[in-house]
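A structural walkthrough
Now for the letters of each chain:
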Amino acid sequence: WGMTDRGLDALVAEKVMGRRIQFVKSEPFEEKIDPSALLGVTCNFGGSVFTAGREWLVDDWLDIEGDRAVEPYSTAMRAAWTVVEKIAESGFWLKLTTPFAPEQPYWAGFTPHNITGWNGRPDHLAGDLSPSRAICLAALKAVGVEVKDV
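The structure displayed is predicted, hence computed values, not measured ones.

1. Let's talk about the nonpolar core
- In terms of nonpolar packing, the biggest core is built from 32 residues, with Val12, Val16, Tyr73, Val83, Ile87, Phe110 and Leu140 touching the most fellow members.
- Within the residue set of this core, elements represented by two or more residues are helix 1 (5–15), helix 2 (77–89), strand 9 (106–112) and helix 3 (131–142).
- Sort the elements by how many residues they give to this core and helix 3 lands first, with eight residues.
- Residues in contact with Leu140, not counting those within four places in the same chain, are Leu8, Leu11, Val12, Lys15, Val16, Val145 and Val147.

Following this line, the structure appears as structure tokens:
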């Protein structure tokens, strides 16, 4: 996994959200004359995929079940909150704190329900300058995935 934002999104989609995903890689554009094809020609569209949501997807992660691009969990708070809801269904509560001072990280942590955590500190804690990314990293820890290449 590359830990670009999209790589992190894909890891969260698979390990936390339980989605089946696939990387759609670009290929050299190829068009061939094929008399058996409906229009007499076939094309690989450069490896891209046209999703049910009417978007062309290439060099990105595809949610196979949803037939759409993987949600931007690490960069959009709306999507990150669906991660919080999924983890809550699994029996964890979230503690999210804002930076204490400029240039310090947001901290997100998940602890099993009905447990306070040691001295108020969540069991599965992660920090990042982005709150949505901190949520994603903490959620991965909660499901047993430690991300080292952040």
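2. Details of the packing of helix 2 against helix 3
- Interhelical geometry of helix 2 versus helix 3 gives an angle of 25° and a closest axis separation of 9 Å. As the angle between them shows, helix 2 and helix 3 are arranged roughly parallel. Where helix 2 crosses over helix 3, the handedness of that crossing is left-handed. Facing helix 2, whose interface residues are Met77, Ala80, Val83, Val84 and Ile87, helix 3 presents Pro131, Ser132, Ile135, Ala139 and Ala142.
- Here the contact of helix 2 with helix 3 is built from residues that sort into nine nonpolar, one polar and no charged.

How each quantity is defined
Residues numbered from 1 in each chain as written. Predicted model: local features only at pLDDT ≥ 70, side-chain atom pairs only at ≥ 80, totals over all residues. Heavy atoms only, no water. Core = buried A, V, L, I, M, F, W, Y, C linked by side-chain atoms within 4.5 Å. Buried < 20%, exposed > 50% of the residue type's maximum accessible area, 1.4 Å probe, protein only. Helix = DSSP H or I, 4+ residues; strand = E, 2+ residues; numbered from the N terminus. Contact = heavy atoms within 4.5 Å. Axes fitted to C-alpha atoms, helices over the stretch in contact; angles between N-to-C directions. Parallel < 35°, antiparallel > 145°, perpendicular 65-115°, else oblique. Left-handed = near helix turned anticlockwise from the far one by under 90°. Nonpolar A, V, L, I, M, F, W, Y, C, P; charged D, E, K, R; others polar.

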